[in-house]
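Structural description and commentary
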Amino acid sequence: MICTRALSIISKRDVLSKRLRFVSTFNAQRKALQRNRAAKLDNHEQFDYLRNGIAEILADRITDISRDFPRIVDLGAGKGHVYKHVNTYTTSHVIECDTAKDCLDLPRQDIEGLKTEQILLERDDTLPFDNNSQELIISNLWLHWVNDLPKLFKEVERVLVPDGVFIGSMFAVETVYQLRVSLQQAELERTGGIAPHISPFVSPADLGSLLNGAKFCMITLDSEEITVTYPDMYFLLRDIQGMGENGCLTVAPNLLRRDVLTSAAALYHDLYANSDNSLPLTFNILYFIAWKQSAVQGKPKPRGSQNLSIADLGKMFGDKSKPGSES
């Protein structure tokens, strides 16, 4: 009787652990709604400066690959930021995918020799493409809102042809740290506690591990800090909302009280203001490129298979440290 009950308890715990294995950090429906609202603003293009700039960098990196791509899939395409900067010598077709319908519905600029089509995604971690069907997938400042990155990366790997490439950019740790610190200190002073008003961001080590876990190879990461200045914190918050980047945590914290916002604005100025009283906001951009494994890719030789010692390099090229050697 005791053994049967113990087995029953273990079985129930196993089922419960499977159900609780994945918890959504972000409310995907709310995020799509926020981005749709931002796209409907009369002056929505005013807030595209960051995405347009990073999209141009990503499009330029495509040209570094000595290969033509019949199609490019753009995940989280938004208003077509990457499409505007793609070189027609590299591709003739851009497939734009997103969960925000109003972003996809915005008219695209006509570019001679470049075709575009839009696909509305039902989920941000599932791709509507066949196995081994795409040569290049790109994503510009969108992946930080995906709840299940491991699943999405496995989907990307599934869709890519062997030796296909995945290029992207993400907001990384330390992004908007000035705003985060100011809000936390103000809320702690005014309410005696803090709530997560700013989303968590990925670290380079975590991103590399996720890509490696999805069986990508030849992974390369690099980062860049971009600092934008604003006249005050309220202009800053307006721009974040105009970008569609306002918070959408599943467990929504209480709304910030007016006295907390006022205190945060004063703290922001005291801690970070420039000499001209403008406020800096730092965006830490993490770029990556990863390849799907293929038999045609170069492989490292087995350990111990070398037939030359590093000590012999001096003999081959001459030891210039000795007197009488050529300079």
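No experiment lies behind these values; they were computed from the predicted model shown.

1. Overview of the sheet that holds strand E1 (residues 72-75)
Strand pairing in a sheet relies on backbone hydrogen bonds, with the paired strands running either antiparallel or parallel. Spatially, E3-E2-E1-E4-E5-E7-E6 is the arrangement adopted by the 7 strands of the open sheet, whose pairing is mixed. What marks the edges here is a single partner per strand, and that holds for strand E3 (115-120) and strand E6 (216-230). Neighbour to neighbour, the strand axes of the sheet diverge by 15° on average, direction disregarded. Where strand E2 (residues 93-98) and E3 come together, 6 bridges link them in parallel fashion. Bridge pairing in E3 links glutamate 96 to glutamine 118.

2. Description of unusual backbone geometry
Positive phi, close to 50°, is recorded for leucine 141, a residue that is not glycine. Judged by relative accessible area, which is 0%, leucine 141 ranks as buried. Its identity as a non-glycine residue notwithstanding, valine 176 has a phi of 50°, on the positive side. With respect to the secondary-structure elements, valine 176 resides in the loop between strand E5 (160-171) and helix H6 (177-191). For valine 176, a relative accessible area of 7% translates into the label buried.

3. Some points on the packing of aromatic side chains
In the structure shown here, the tally under the stated rule is 8 aromatic pairs. Measuring from centroid to centroid gives 6.3 Å for phenylalanine 171 and phenylalanine 201, while their planes differ by 65°, and the two rings are edge-to-face. On the criterion of sequence distance, the pair formed by phenylalanine 171 in strand E5 and phenylalanine 201 in the loop between H6 and helix H7 (204-213) is long-range, its members being 30 residues apart. Phenylalanine 201 sits in the buried class, given a relative accessible area of 19%. With 5.8 Å between their ring centres and 75° between their planes, tyrosine 268 and tyrosine 272 make a pair best called edge-to-face. In this pair, tyrosine 268 and tyrosine 272 are both assigned in helix H9 (residues 258-272), 4 residues apart and thus about one turn of the helix distant. Accessibility classification places tyrosine 268 together with tyrosine 272 in one group, the buried group. Every member of this aromatic cluster is reached through a ring pair, and the members are Phe153, Phe166, Phe216 and Phe288.

4. Here we look at the environment of proline 200
Within the secondary structure, proline 200 is located in the loop between H6 and H7. Residue classification places proline 200 among the partly exposed positions, given a relative accessible area of 47%. With 175 residues separating them along the chain, proline 200 and threonine 25 place their C-alpha atoms 9.1 Å apart.

5. Observations concerning the environment of glycine 208
Of note, glycine 208 is situated in helix H7. We classify glycine 208 as buried; its relative accessible area is 18%. If sequence neighbours within four positions are ignored, glycine 208 has contacts with Ile219 and Leu221.

6. Side note on helix H8 (residues 233-242)
Of all the residues in H8, the buried ones are Met233, Leu236, Asp239, Ile240 and Gly242. On the buried face of H8, the contacting elements are helix H2 (28-39), helix H3 (49-63), H6, E6, H9 and strand E7 (279-292). The residue sitting at the N-terminus of H8 and contributing the capping side-chain oxygen is aspartate 232; that oxygen lies 3.0 Å from the backbone nitrogen of tyrosine 234. With its phi angle positive at about 80°, glycine 244 sits one or two positions after the end of H8.

7. Regarding the packing of H6 against H9
For the pair H6 and H9, the least separation of the axes is 8 Å and the interaxial angle reads 130°. Judged on the interaxial angle alone, H9 and H6 are oblique. The two elements H6 and H9 meet at a crossing, and its hand is right-handed. Where H6 approaches H9, its residues Tyr177, Gln178, Leu179, Val181, Ser182, Leu183, Gln185, Ala186, Glu187, Glu189, Arg190 and Thr191 are matched on the opposing element by Asp259, Val260, Leu261, Ser263, Ala264, Leu267, Tyr268, Leu271 and Tyr272. Considered class by class, the residues forming the contact of H6 with H9 number 12 nonpolar, 5 polar and 4 charged.

Thresholds, definitions, all that
Residues numbered from 1 in each chain as written. Predicted model: local features only at pLDDT ≥ 70, side-chain atom pairs only at ≥ 80, totals over all residues. Heavy atoms only, no water. Pairing = 2+ DSSP bridges. Helix = DSSP H or I, 4+ residues; strand = E, 2+ residues; numbered from the N terminus. Axes fitted to C-alpha atoms, helices over the stretch in contact; angles between N-to-C directions. Buried < 20%, exposed > 50% of the residue type's maximum accessible area, 1.4 Å probe, protein only. Phe/Tyr/Trp six-rings, centres within 6.5 Å; stacked < 30°, edge-to-face > 60°. Contact = heavy atoms within 4.5 Å. Polar contact = N/O pair within 3.5 Å; in protein donor to acceptor, adjacent residues only side chain to side chain. Parallel < 35°, antiparallel > 145°, perpendicular 65-115°, else oblique. Left-handed = near helix turned anticlockwise from the far one by under 90°. Nonpolar A, V, L, I, M, F, W, Y, C, P; charged D, E, K, R; others polar.

Nothing here speaks to function; it is geometry throughout.
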